[in-house]
Amino acid sequence: MAAALWARRGRRTAAVVGTVARSGSSRAALQSQYDALVIGGGHNGLVAAAYLQKGGLKTAVLERRHVLGGAAVSEEIVPGFHFSRCSYLLSLLRPHIYADLELKRPTCFHPHVGGGVLTEGCKGDAYPDFVAHLEKLAGAIHPLLDAPPVDIPGVTTGSLGKRLAAAKTLTPLVKCGLKLGRNVPDFYEIVTAPIMKILNRWFDSEPLIATLATDAVIGAMTSPSSPGSGYVLLHHVMGELEKEKGAWGYVEGGMGGVSQAIASAAQSYGVDIFTEKDVAQVLVGSDGAARGVALKDGTEISSRVVLSNATPYVTFKNLTPQAALSPEFIKAINQIDYTSPVTKINVAVDKLPNFLARPTPDGIPGPHHQCSIHLNCESVEVLETAYKEAMNGRPSTNAGDEIPSVLDPTLAPPGCHVVSLFTQFTPYHIEGREWTDQDREAYADTAFDWVEQYAPGFKKSVVGRDILTPPDLERIFGLTGGNIFHGSMSLDQLYLARPLPFLSNYRSPVKGLYLCGSGTHPGGGVMGSPGFNAALTTIADLKRH
């Protein structure tokens, strides 16, 4: 494992995390029959495959693209520059599946136009207590992440024996409640309230409140004043790296290293993994059960079960024969919210950005270069305005800036760097029309203009860029609506209702067809848990039958 330097950013930690040797597709030939097939080689699909194989099921993973990982991939978009092209930070991969941890280094960096800076020392006496409060609430949720939701039909119907067996699914919920104890009302408040209600109670500093508020809208088409935004903040502090609560890490070589590490583990158990195998349809037999898949090249592969790592929309609207689903079910699938505010811009630069807030001579990285950097969010009003503009179809720029190559020199040529701009708020359609290449370039220019105000000379340093609007995230990575979570993390699409109230147990109306992606509980960002839960559910069903 590689050594690492960490940089604290509030509840985030920047780190280079060592990974195992990389691997790609299996050398084995694609067989005509398997016990289990997994559609999609994203991290959840790979985790599901590993556990299925360990459970005694001969399993194959079929990935549409040329690279494994789904959204967690490393790609050389600009020659010599390697990007975590979509997902870019590691934290919520559950410890019992995969974790890595190294050393740490200070600070939180939030630059202001003209040279002002907010650092950890400016956060005041209330900040440590606020962090401890969040950690207690987030820690109580952990039992829920590693298990399927409560089996409500099983607990309320059937024989006494079956109901008692189903009652075991209440255990994680009971553990959560016991961990919360007297904090149950606080937990209820943070998952239902606007984050502004909570932040205004704890703090007086507008820049600090705005900085924390950005974590309550990351990846969500919502505003800090919207009910439920408190949960988005809590969701992003649930993670840990090797028992370091709230820690986030850069993975050596990019996020593809995580996917490749999981793939290596799956292959060591005997999983066959294939790239450039584009599934056209789930095959459904005359008995209404899944019996395999058909690829777009016409190849048919039989299996006892099929697990889809695609979004629920793609799974049931594009891959499942519509005749196998009821009109009522299809209508419900159409109602799932996939709204996304995110445009990701991957930037190759020939020198390190030099911020007015904390100048660094001769391109030597400072501690702040190792942190997440929030730009254009000095006030909550900026966030509110940006959200309203996007809801009206107009792109607005609020950027989070990461420079992982400061910690990981393998990502860029000597003296050069990769910059990850995670920007909001951008609509799927611009005032009702499709994005054009001109729109993409204009939006990126606007984002760069903002960065330039904080770090003069940034625009001249750019040697290449990769602009991923919501439609691009959908087209390239299969993220319906461009939503990075496989569906909104709103209260009506969590836990017992993720992705729908009658579809929260990973099973589908088609017997033998399961969901294993982030569109299921516990949702996007919690790497591996949906795949782990889906695999255990599948294995349990096969044992019963």
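Reading guide: rules and limits
- Residues numbered from 1 in each chain as written.
- Predicted model: local features only at pLDDT ≥ 70, side-chain atom pairs only at ≥ 80, totals over all residues.
- Heavy atoms only, no water.
- UniProt positions renumbered as here; feature names shortened; annotations may be inferred.
- Helix = DSSP H or I, 4+ residues; strand = E, 2+ residues; numbered from the N terminus.
- Buried < 20%, exposed > 50% of the residue type's maximum accessible area, 1.4 Å probe, protein only.
- Areas by Shrake-Rupley, 256 points an atom, 1.4 Å probe, with all protein chains shown as cover.
- Contact = heavy atoms within 4.5 Å.
- Core = buried A, V, L, I, M, F, W, Y, C linked by side-chain atoms within 4.5 Å.
- Phe/Tyr/Trp six-rings, centres within 6.5 Å; stacked < 30°, edge-to-face > 60°.
- Expected span 1.5 Å × (residues − 1).
- pLDDT = per-residue confidence, 0-100.
- Patch = residues over 30% accessible without salt bridge, like charges linked within 9 Å, V, L, I, M, F, W, Y side chains within 5 Å.
- Salt bridge = Lys/Arg side-chain N within 4 Å of Asp/Glu carboxyl O.
- Pairing = 2+ DSSP bridges.

Under an unreviewed UniProt entry, the name given to the protein is Pyridine nucleotide-disulfide oxidoreductase domain-containing protein 2, and the organism recorded is Scophthalmus maximus. Recorded in UniProt for the protein, the comment headed Sequence similarities (unreviewed entry) runs: "Belongs to the carotenoid/retinoid oxidoreductase family." Word for word, the UniProt comment on the protein under Subunit (unreviewed entry) is "Interacts with COX5B; this interaction may contribute to localize PYROXD2 to the inner face of the inner mitochondrial membrane."

Caption draft 1: Main features of the overall build of the protein. Helix and strand counts for the protein come out as 17 helices and 22 strands. Burial statistics for the protein: of 545 residues in total, 61% are counted as buried. A total accessible area of about 20900 Å² is found for the protein, and carbon and sulfur atoms account for 54% of it.

Caption draft 2: View of the environment of Thr299. Here Thr299 lies in the loop between strand E15 (290-295) and strand E16 (300-308). By relative accessible area, Thr299 is classed as partly exposed at 32%. Between the alpha carbons of Thr299 and Lys277 there is a distance of 9.6 Å; along the sequence they are 22 residues apart. Thr299 has contacts with Val293 and Ala294, leaving out every residue within four places of it along the chain.

Caption draft 3: Local environment of the nonpolar core. The biggest cluster of nonpolar side chains holds 58 residues, and the ones touching the most others in it are Phe130, Leu199, Phe203, Leu234 and Phe477. Looking at this core, the elements that each hand over two or more residues are helix H2 (126-145), helix H5 (171-180), helix H6 (184-192), helix H7 (195-202), helix H8 (206-214), helix H9 (229-235), helix H13 (380-391) and helix H16 (470-477). Not counting the four nearest positions on each side in its chain, Phe477 is found in contact with Arg64, Arg65, Gly70, Ala71, Val73, Glu75, Arg85, Cys86, Leu468 and Asp472. Ala48, Tyr51, Tyr506 and Met527 belong to the second-largest nonpolar core, a separate cluster that totals 34 residues.

Caption draft 4: Region of the structure containing the packing of aromatic side chains. All told, the structure shown has 11 aromatic pairs when counted by the stated rule. Arranged with centres 6.1 Å apart and planes meeting at 85°, the rings of Trp435 and Tyr443 form a pair that is edge-to-face. Accessibility classification places Trp435 together with Tyr443 in one group, the buried group. Taken together, a centroid distance of 5.3 Å and an interplanar angle of 90° make the contact between Phe448 and Phe458 edge-to-face. Residue Phe448 is located in helix H14 (residues 437-454), and its partner Phe458 is located in helix H15 (residues 458-461); the two are separated by 10 residues in the primary sequence.

Caption draft 5: Quick peek at H14. Counted at 1.5 Å a residue, the expected span for H14 with its 18 residues is 26 Å, and the 26 Å between its end C-alpha atoms agrees. If you check which residues of H14 are buried, you get Asp439, Arg440, Tyr443, Ala444, Ala447, Phe448, Val451 and Tyr454.

Caption draft 6: Quick look at the environment of Thr275. For Thr275, the location among the structural elements is in the loop between strand E13 (272-274) and strand E14 (279-284). Thr275 gets classed as buried once you look at its relative accessible area, which sits at 16%. As a C-alpha pair, Thr275 and Leu68 span 207 residues in sequence and 6.9 Å in three-dimensional space.

Caption draft 7: Spotlight on the confidence of the model for the protein. Across the protein, the average pLDDT comes to 86, with 88% of residues at 70 or higher. Contacts for the low-pLDDT stretch residues 1-23, under 50 throughout, to residues beyond four places or in other chains number 120 contacts. Here residues 99-122 scores under 50 on pLDDT; set against residues more than four positions off or in separate chains, the count is 96 contacts.

Caption draft 8: Looking closely at a nonpolar patch on the surface. A surface patch of nonpolar side chains, amounting to about 350 Å² of accessible area, comprises Leu170, Leu173, Val174 and Leu178. Along the chain, Leu170 turns up in the loop between helix H4 (160-166) and H5. Assessed through its relative accessible area of 31%, Leu170 is described here as partly exposed.

Caption draft 9: Quick peek at the pairing of E16. For strand E4 (residues 33-39) and E16, the ladder comprises six bridges, and the chain directions are parallel. Residue pairing across strands places Leu37 opposite Val306, the latter belonging to E16. Bridge count between E15 and E16: three bridges; the pairing is antiparallel. Counterpart to Gly292 in the pairing with E16 is Ser302. Linking two consecutive strands that pair antiparallel, namely E15 and E16, is a turn of four residues; a positive phi of about 95° is found at Gly298 within it. Pairing of E16 with strand E22 (residues 513-515), which is carried by three bridges, proceeds in the parallel orientation.

Caption draft 10: Spotlight on the pattern of salt bridges. Within the structure shown, the criterion is met by 16 salt bridges. The partner of Asp472 in a salt bridge is Arg475, with the nearest N and O atoms 3.0 Å apart. Pair noted here: Asp472 and Arg475 are both in helix H16, with a separation of three residues, about one helical turn. Where Asp541 meets Arg507, a salt bridge forms, and the shortest distance between an N and an O atom there is 2.8 Å. Residue Asp541 is found in helix H17 (residues 529-544), and its partner Arg507 is found in the loop between H16 and E22; the two are separated by 34 residues along the sequence. One connected set of salt bridges, linked through shared partners, spans Arg65, Glu75, Arg85 and Asp466.

Caption draft 11: Broad picture of the side chain of Asn533. Inspection of the secondary structure assignment puts Asn533 in helix H17. Not counting residues up to four positions away in its chain, the partners in contact with Asn533 are Leu145, Asp146, Ala147, Pro148, Tyr506, His521 and Pro522.

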